[in-house]
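# Coordinates in review
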Amino acid sequence: MHAPAEVMTAHLAIGTVGFGSFEFTGGGTFINLVAATTNALNGALLARRPDHYKNFTVVGILLMALLGGIGGGISRDVMVGRVPAALTNSSYVVLCLIAGYLGHRLAYSQGQLFREGLFQFVTSFALPWYAIVGAQTGADVGLPVLGSLVLAVVGPTAGRFLIDVSCGVPPKQFVRGEWFVAVAALTGAVWIALDQAELPRAASAPLAFLVGFTVRLTALYRGWEEPLAAEPAGVYRHDDGRPLLGRKIAGRSTRELRLLGLTVEPDEQGPPAAGPARGDHEGRP
């Protein structure tokens, strides 16, 4: 006796794998899910960082994960007049919530350098994938090259914009960093060039990802940053509070880590600090 088809659907035809309202492959779904899940983990880690945390509840952290995971995809789909895939495919919400919970648990554990390194790696991994999906979406609906490039930038960066605004900090797109928007545009441009050269998408997507991922990690490791605009007269130069990759955080003084937004101020009633970190000369003549 066979179970009803709507319960037992295992869509193997036309390259789709799923059951019920859950789909995991087919039509670019797998790449979308990879990008959404990694961005959701990224969102939870970001919301628990000292420079973003605003006494969020656990539910708040999970909502931040959803913003990071599906915010970019929903923005991209709405711009081309599509019902967002995150609303029709239950896999997006479930996987993003799981990733958000893992990010919440990880953020509460020890090891600041590990968390910051993981945060940057996850960002570097998700950024080019979402850029590729954005470029593919533009090509599929017949947008010109510049329109597809816009979607390649909106897809991977809109979720971060929503998180930053919700946390009350300047959106990452507008402040100095290791070529966040530029890497998205570069990845999308590489994919578009390969697609117009009629390279199969099974090959063009991994190649474009490799370019974007390599440039992003290299920029993080080498400290390559967008140039700052000239400051208006009379405005003081302030610390930008950027997170740094773990290798560059090692050996920083307590003051430097605090200026970078990577430490939490000790409670006034708490025990005194064990001693100054290496290179911390605050209070010394």
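Quantities reported herein were computed from a predicted structural model and do not represent experimental measurements.

Two elements in contact, helix α3 (residues 58–79) and helix α7 (residues 145–167), have axes separated by 8 Å at closest approach and are oriented at 140°. The orientation of α3 with respect to α7, classified from their angle, is oblique. The two elements α3 and α7 meet at a crossing, and its hand is right-handed. Between α3 and α7, the residues in contact are Met 64, Leu 67, Gly 68, Gly 71, Gly 72, Gly 73, Ser 75, Arg 76 and Met 79 and Val 150, Leu 151, Val 154, Gly 155, Ala 158, Gly 159, Leu 162, Ile 163, Ser 166 and Cys 167, respectively. Grouping the amino acids of the contact of α3 with α7 by side-chain chemistry returns 10 nonpolar, eight polar and one charged.

One finds Trp 129 and Ile 132 to be the most contacted residues of the largest nonpolar core, which totals 44 residues. For this core, the elements supplying multiple residues, two or more each, are α2 (29–47), α3, α5 (90–108), α6 (112–140), α7, α8 (180–196) and α9 (201–222). Per-element tally for this core: the top contributor is α2, with 10 residues. Ignoring anything within four residues of it in the chain, the contact list for Ile 132 reads Thr 187, Trp 191, Ala 205, Ala 208 and Phe 209.

Here Asn 39 lies in helix α2. Those residues in contact with Asn 39 that sit more than four places away from it in its chain are Gly 68, Gly 69, Ala 126, Tyr 130 and Pro 156.

Two measures describe an aromatic ring pair: the distance that separates the ring centres and the angle between the ring planes. Counting across every chain of the model gives seven aromatic pairs. When the centroid spacing of 5.7 Å and the interplanar angle of 85° are considered together, the rings of Phe 121 and Phe 213 count as edge-to-face. Linking Phe 121 in helix α6 with Phe 213 in helix α9, this pair joins segments that are 92 residues apart in sequence. Accessibility expressed as a relative area gives 40% for Phe 121, which makes it partly exposed. Relative accessible area serves as the criterion here: at 15%, Phe 213 is assigned to the buried category. Centroid distance Phe 125 to Phe 209: 5.4 Å. Interplanar angle 75°. Geometry classified as edge-to-face. Of the two residues, Phe 125 sits in helix α6 while Phe 209 sits in helix α9, which places them 84 residues apart along the sequence. Put simply, the rings of Phe 121, Phe 125, Trp 129, Phe 209 and Phe 213 pair up and form one aromatic cluster. The ring of Tyr 53 carries the charged tip of Arg 48 above its face, separated from the ring centre by 4.7 Å. For Lys 172, the ring lying beneath its charged end belongs to Phe 180, and the centroid distance is 5.6 Å.

Okay, α3 next. The end-to-end C-alpha distance of α3 is 31 Å, a good match for the 32 Å that 22 residues give at a rise of 1.5 Å each. Where α3 bends most, at Ile 70, the angle is about 45°. Note on α3: the residue one or two positions beyond its end, Gly 81, has a positive phi of about 75°.

Another aspect to go through is the side chain of Gln 136. Along the chain, Gln 136 turns up in helix α6. The exposure class assigned to Gln 136 is buried, which follows from its relative accessible area of 11%. Not counting residues up to four positions away in its chain, the partners in contact with Gln 136 are Trp 191, Arg 201 and Ala 205.

Moving on: the environment of Leu 118. Following the sequence through the fold, Leu 118 ends up in helix α6. What makes Leu 118 partly exposed here is its relative accessible area of 21%. As a C-alpha pair, Leu 118 and Asn 42 span 76 residues in sequence and 8.8 Å in three-dimensional space. The residues contacting Leu 118, other than those within four sequence positions of it, are Leu 45 and Leu 106.

Now for the confidence of the model for the protein. Mean pLDDT for the protein: 79, with 73% of residues reaching 70 or above. Per-element confidence in the protein is highest for α8, whose mean pLDDT is 95, and lowest for helix α1 (residues 5–8), whose mean pLDDT is 38. Low pLDDT, under 50, characterises residues 1–14; the stretch is placed with 10 contacts to residues that sit more than four places away or in other chains. Contacts for the low-pLDDT stretch residues 277–285, under 50 throughout, to residues beyond four places or in other chains number 13 contacts.

All right, on to the packing of α8 against α9 then. In the contact formed by α8 and α9, the axes pass within 9 Å of each other and the chain directions differ by 155°. Taken together, the axis directions place α8 and α9 in an arrangement best described as roughly antiparallel. In this structure, α8 meets α9 at a crossing whose hand is right-handed. Contact residues: α8 offers Phe 180, Val 183, Leu 186, Thr 187, Val 190, Trp 191, Leu 194 and Asp 195, while α9 offers Arg 201, Ser 204, Ala 205, Leu 207, Ala 208, Val 211, Gly 212, Val 215 and Arg 216.

Here is what the cut-offs are and how they apply
- Residues numbered from 1 in each chain as written.
- Predicted model: local features only at pLDDT ≥ 70, side-chain atom pairs only at ≥ 80, totals over all residues.
- Heavy atoms only, no water.
- Axes fitted to C-alpha atoms, helices over the stretch in contact; angles between N-to-C directions.
- Helix = DSSP H or I, 4+ residues; strand = E, 2+ residues; numbered from the N terminus.
- Parallel < 35°, antiparallel > 145°, perpendicular 65-115°, else oblique.
- Left-handed = near helix turned anticlockwise from the far one by under 90°.
- Contact = heavy atoms within 4.5 Å.
- Nonpolar A, V, L, I, M, F, W, Y, C, P; charged D, E, K, R; others polar.
- Core = buried A, V, L, I, M, F, W, Y, C linked by side-chain atoms within 4.5 Å.
- Buried < 20%, exposed > 50% of the residue type's maximum accessible area, 1.4 Å probe, protein only.
- Phe/Tyr/Trp six-rings, centres within 6.5 Å; stacked < 30°, edge-to-face > 60°.
- Lys NZ or Arg CZ within 6 Å of the ring centre and 35° of its normal.
- Expected span 1.5 Å × (residues − 1).
- Bend = angle between axes of the 7 residues up to and from the residue.
- pLDDT = per-residue confidence, 0-100.

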